[in-house]
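# A structural walkthrough
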Amino acid sequence: MSALAGTRTLAGLALRRERAVAPWWIALNMSMALLLIGYIQRVMPTDAVKAAYTAVISRNTFFQALGGGFVEPRLDVLATWRSGGFLYVASAFAAVMCVVRHTRAEEDAGRAELLRAAGTGRRAPLTAALLVAAGTSLLGGLLTALALVAAGLEPVGSAAYGAAITAVGWVFAGVAAVAVQLSRTARTATTIGLFTLGVAYVMRYIGDATRQYWLKALSPIGWGHLVRPYQDERWWLLGLSAGVAAALCALAYALLDRRDLGAGMVPERLGPASAPGPRGPVGTAWRLHRGLLARWAAGVAVLAIATAGAGTLAGQLAAMPGIAQGLLRNMGGPTGGALDVYQRYMTLIFAHVIALYPVLMVRRLRSEETSGRAETLLATPLTRLRWAGGHLALAGLGSAALLAVAGVVHGVLYGLLVGDLAADPPRVLAGMLSHVPAVWSVGAAGVLAYGLLPRASVAVSWAVWILTAVLGQLAGPLYGMWAGTPLEPFHYVPDVFGDGSFDAGPYLLLFALTAALVGGGLLALRRRDLG
Amino acid sequence: MTDAISVSGLTKAFGSARALDGLDLTVRTGETHGFLGPNGAGKSTTIRVLLGLLRADGGRARLLGEDPWTRATSLHRRLAYVPGDVTLWPGLTGGEVIDLLGGLRGGLDRARRRELLERFHLDPRKRARAYSKGDRQKVALVAALSGDAELLILDEPTSGLDPLMEEVFRETLREELRRGDRTVLLSSHILSEVEALCDRVTIVRDGRTVETGTLADLRHLTRTSVQADLAGPPHGLAALPGVHDVRVHGGRVVFDADAPALDAALRCLAEAGVRGLVSRPPSLEELFLRHYSHTTEAAGAVGSAGAAR
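Rules used throughout
- Residues numbered from 1 in each chain as written.
- Chains lettered and ligands numbered in written order.
- Predicted model: local features only at pLDDT ≥ 70, side-chain atom pairs only at ≥ 80, totals over all residues.
- Helix = DSSP H or I, 4+ residues; strand = E, 2+ residues; numbered from the N terminus.
- Rg over C-alpha atoms; globule rule 2.2 N^0.38 Å.
- Buried ≥ 20, exposed ≤ 12 C-beta atoms within 10 Å, placed from the backbone.
- Contact = placed C-beta atoms within 7 Å.
- Pairing = 2+ DSSP bridges.
- Axes fitted to C-alpha atoms, helices over the stretch in contact; angles between N-to-C directions.
- Core = buried A, V, L, I, M, F, W, Y, C linked by C-beta atoms within 7 Å.
- Domains from an automatic or database assignment.
- Nonpolar A, V, L, I, M, F, W, Y, C, P; charged D, E, K, R; others polar.
- Expected span 1.5 Å × (residues − 1).
- Arc of directions from axis to C-beta.
- Parallel < 35°, antiparallel > 145°, perpendicular 65-115°, else oblique.
- Left-handed = near helix turned anticlockwise from the far one by under 90°.
- pLDDT = per-residue confidence, 0-100.

Turning to the overall build of chain A, a few remarks are in order. Regarding its fold elements, chain A presents 23 helices and zero strands. Taken over the C-alpha trace, chain A has a radius of gyration of 26 Å; the compact-globule value for 531 residues is 24 Å, and the two agree within 12%. In chain A, buried positions account for 46% of the 531 residues. Put simply, 74% of the contacts in chain A that link residues at least 6 apart link residues at least 24 apart.

With that settled, the discussion passes to the sheet that holds strand S5 (residues 79-82) of chain B. All names here are of chain B. Spatially, six strands are ordered S5-S6-S7-S3-S8-S9 in an open sheet, and the strand pairing comes out mixed. Only two strands of the sheet have a single neighbouring strand rather than two, namely S5 and strand S9 (208-214). Sheet twist, expressed as the mean angle between neighbouring strand axes with direction ignored, is 15 degrees. Pairing geometry for strand S8 (residues 200-205) and S9, over six bridges, is antiparallel. Paired with Ile203 across the strands is Glu211, a residue of S9. Packing against the sheet, helix H1 (residues 43-50) makes contact with strand S3 (32-36), strand S6 (151-155), strand S7 (183-188) and S8, and its axis sits at approximately 145 degrees to S6.

Looking now at the environment of A:Thr370. Within the secondary structure layout, A:Thr370 lies in helix H17 (residues 356-371). Residue classification places A:Thr370 among the partly exposed positions, given that 14 C-beta atoms sit within 10 Å.

Looking now at the sheet that holds strand S1 (residues 3-14) of chain B. All names here are of chain B. In space, the three strands of this open sheet follow the order S2-S1-S4, with antiparallel pairing throughout. Both edges of this open sheet fall to strand S2 (17-28) and strand S4 (58-63), since each of them pairs with a single strand only. Here the strands of the sheet are splayed against their neighbours by 15 degrees on average, with no regard to which way each runs. By the bridge criterion, nine bridges tie S1 to S2 in an arrangement that is antiparallel. Within S2, the position partnered with Ile5 by the bridge is Val27. Along the sheet, H1 contacts S1, S2 and S4; its crossing angle with S1, the most-contacted strand, is approximately 115 degrees.

Attention now goes to the nonpolar core. Soluble globular proteins: nonpolar side chains tend toward being buried together. Counting 127 residues, the largest nonpolar core has A:Ile354, A:Ala406, B:Val97 and B:Val142 as the members making the most contacts within it. Sorting elements by how many residues they give to this core places helix H19 (residues 384-417) of chain A first, with 12 residues. Excluding residues that lie within four positions of it along the chain, B:Val142 makes contacts with B:Ile98, B:Arg113, B:Leu116, B:Leu117, B:Phe120 and B:Leu122. Counting residues in each nonpolar core, the second largest holds 72 residues, with A:Ala14, A:Ala124, A:Ala176 and A:Tyr230 among its members.

Right, let's talk about the domain arrangement of chain A for a bit. Assigned domains within chain A: domain 1 (7-256) and domain 2 (282-527). Taking only C-alpha atoms, the centre of domain 1 of chain A and the centre of domain 2 of chain A are 32 Å apart.

What follows deals with the pairing of strand S11 (residues 243-249) of chain B. Residue and element names in this part refer to chain B. One ladder, built from five bridges, connects S11 with strand S12 (residues 252-257); its direction is antiparallel. The partner of His244 across the bridge, within S12, is Asp256. Connecting the antiparallel pair S11 and S12 is a turn made up of two residues, with Gly250 showing a positive phi of about 60 degrees.

Turning next to the interface of chain A and chain B. Taken together, the contact between chain A and chain B spans 32 residues of the former and 31 residues of the latter. Mapped onto the side of chain A that touches chain B, the elements with two or more residues apiece are helix H14 (281-310) and helix H18 (373-378) of chain A. No other element matches the five residues that H18(A) contributes to the side of chain A that touches chain B. The residue inventory of the side of chain A that touches chain B, partitioned by class, reads 13 nonpolar, 12 polar and seven charged.

The subject of this paragraph is unusual backbone geometry. Residues and elements named next belong to chain B. Of note in the backbone geometry, Leu64 takes a positive phi value of approximately 50 degrees without being a glycine. Tracing the sequence through the fold places Leu64 in the loop between S4 and helix H2 (72-76). Take Leu64: there are 19 C-beta atoms within 10 Å of it, and that puts it in the partly exposed class. In this structure, His121 is a non-glycine residue whose phi angle is positive, near 50 degrees. Within the secondary structure, His121 is located in the loop between helix H4 (110-119) and helix H5 (133-145). By the C-beta count within 10 Å, which is 11 here, His121 ends up exposed.

Bringing helix H22 (residues 457-471) of chain A into the picture now. Residues and elements named next belong to chain A. Taking 1.5 Å of rise per residue, 15 residues should cover 21 Å, and H22 covers 21 Å from first to last C-alpha, within 8% of that figure. Listed in full, the buried residues belonging to H22 are Ser457, Val458, Ser461, Val464, Trp465, Thr468 and Ala469. Buried residues of H22 fall within an arc of 130 degrees about the axis and therefore sit on the same side. For H22, exposure combined with an orientation more than 90 degrees from the buried face picks out Ala459 and Ile466.

What follows concerns the domain arrangement of chain B. Here chain B is partitioned into domain 1 (3-213) and domain 2 (223-280). Taking only C-alpha atoms, the centre of domain 1 of chain B and the centre of domain 2 of chain B are 43 Å apart.

Once that is clear, we can look at the environment of B:Val243. All names here are of chain B. Mapped onto the elements of the fold, Val243 is located in strand S11. Taking the C-alpha atoms as reference points, Val243 and Phe255, 12 residues apart in sequence, are found 7.0 Å from one another. Residues contacting Val243, with those up to four places away along its chain left out, are Leu237, Ala238, Phe255, Ala257, Ala261 and Ala265.

All names here are of chain A. Running from N to C, helix H2 (residues 22-43) and helix H8 (residues 124-150) cross one another at 30 degrees; their axes reach a closest spacing of 9 Å. On the basis of their axis angle, the class for H2 and H8 is roughly parallel. Crossing hand, H2 versus H8: right-handed. Each of Ala22, Trp25, Ile26, Asn29, Met30, Ala33 and Leu34 in H2 lies in contact with H8, whose residues at this interface are Thr136, Leu139, Gly140, Leu143, Thr144, Ala147 and Leu148. A breakdown of the residues in the contact of H2 with H8 according to their chemical character gives 10 nonpolar, four polar and no charged.

To continue, consider the confidence of the model for chain B. Residues and elements named next belong to chain B. Scored by pLDDT, chain B comes out at a mean of 86, with 91% of its residues at no less than 70. Below pLDDT 50 for its whole length, residues 295-309 participates in 14 contacts with residues either more than four positions away or in separate chains. On the interface metric, ipTM, the complex scores 0.75, and its pTM is 0.73.

So, on to the packing of H17(A) against helix H21 (residues 436-452) of chain A. Between two packed helices, what matters for the description is the angle formed by their axes and the separation of those axes. All names here are of chain A. Interhelical geometry of H17 versus H21 gives an angle of 20 degrees and a closest axis separation of 8 Å. The angle between H17 and H21 places the two elements in the roughly parallel class. You can see that H17 and H21 cross each other, and the crossing is right-handed. Taking contact as the criterion, the partners of Pro358, Val359, Val362, Leu365 and Arg366 in H17 are, on H21, Val439, Trp440, Val442, Gly443, Gly446, Val447 and Tyr450. By residue class, the composition of the contact of H17 with H21 is nine nonpolar, two polar and one charged.

Right under this line is the structure:
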């Protein structure tokens, strides 16, 4: 039996399953690239504005690091500079997930065994996965290049940009191919792949931030930026990427030939054999969901570092084009300066993002129920109210803690970089925490839905969050409604960056709303069938 | 003596589908009761009603003398439950899950826990996502058996266990029962398991109880299979009332007989001259076939009952 037997069938199967995934990645590539052309055209219509913007950016370490590389005041360079930092990572991420999905995840599920016994060769699954992942990357790059040409950009530069997106995807398909040989589960393989991607990104970022360009030159993400599309198109770097990808694949095949089906090179880490001691409902919920909260805290902290860094530009907000000016006019009020508006807008962004956490916790509550895990717990003396209450306490305290993390990290770092280390952290922290009742009320709507309409609860809680964002001050400025609408809770949160007066009324109102929604949800939960 | 579980005329509908349609179930305190039925017969729904997870539409259910819906929490202190399809939290180790459930039930016997882990060959340090179906089942069994519950509700507890582990489970459960103060409701479609462990059985189909009693009671209602080697042909055997499916191959005759017909049938064999005789009681498989072969005749149903196992 040839080691590659059945590759065609497996690739067909993988393609079929990718129908629901790959088109979205490709569409994301194309739309990001096109959106940013539109954005640059809209907010920087003239060469003078472009030059002013470029001058601001080039002096700012944070934006240099975020975008990666050197900008010139031209539409094509500016647009791909803005989209590239994101698209190289997206292409790499898609490739890692695709390879793991069709190799190690299949072994985990036992489906690979079924297929291998049905006459497919040892190397066939990996080959099929690599072909599909590489094809997706290729199509993502090619269609993006075509879209850019269609949008009127120069073809050679567009081809180089598309090729750079593809090449990054290929390298990380190779990384994932090696990772799946090393690990014993899909989860570990994904972790290895994404960790490598994270390291590559950080090396590129620090390289650009500190102008230690050798760091960037060692990172596969950096190779994408260094192709410099529309500038001097270093084609040979694409050759380097392709060569590294090929070498990684060769290594993966060599490892594959030396391991058993289902086995890996890195042993799975064992966990604790026992966890004695009594646990209340909150302790139980904490043990079950602390991983999610920790990941959120890390994500919020990273975002807060980014917003504090971007704050270095806030002083020049008045000189910036686009939405910033409108914000200043409409949110500043009589006393607010540019910095206050910036802080206010950032806390609003954090509050909206963190309002997703209770939405996800309601989803977890529902999935605990449908998976049967709730049944196992509720067959113990734990009551429904205490079970759900434990989860909700974690959701409530967790979202408050996340706002605090955002406030402390953003406040302290902002104080260090831009403002006043004594005054800024407490003010920013207070600003973040002032959103706690509003965040809770968004989650509480999901709790009511969970009690009354369990099947629809996930959809309802998402819809509430989306409506909050669409009707609120976050998306409002996009269509000129600067203050949002009074239909969403964040509308009622007083502005602590304004004149400093304190009004407890809105907070009490939001607390009462939260209590009513949660109470109604829990009452309904007590009365209904479970599972 | 009070009954540990007493259910009568229980009904429950999900939309237009009637899951329970007047089900009766009585489990006496201290007995091991087999709860038999094919998939979809309503076993798990009954158990969920008994656990207070579902609210019955009609009928009466009493668990340890109390209402399972309103008194769920205090009842749960006195029972341990092993679900049929055990799902665990992928990031927790088996040991953590056992202690989590034990802690919620008010503590478990550490020595018993250690002994059970050893017996079931379960590594408590592995994360649940790395466990096989059988391993997850073992986690739930160890958690349930290392506590001190007076009532064990086991919903198909050995699904996913290999035959060796099934034997370990049986042996462990027998030891538990020897203490004499435990009541067990064992739902199953594995008939040999119920035969090996249970005092009484209730057979359900389509949400209704079709038969209940001791194994001896049920056997009394059914046919005995007889195989005999004879010196001459058995004249008139096939014509006897209550004798079925007579097949003759050379000197060997095979037939089934209803209990009242056995006397006449054996007399007939004796006249022909018996050289060898094998008779066996009907297995639960055969009882099962009688109750579930309403659509297919016995011959076809043997294969499907085998496949269902």
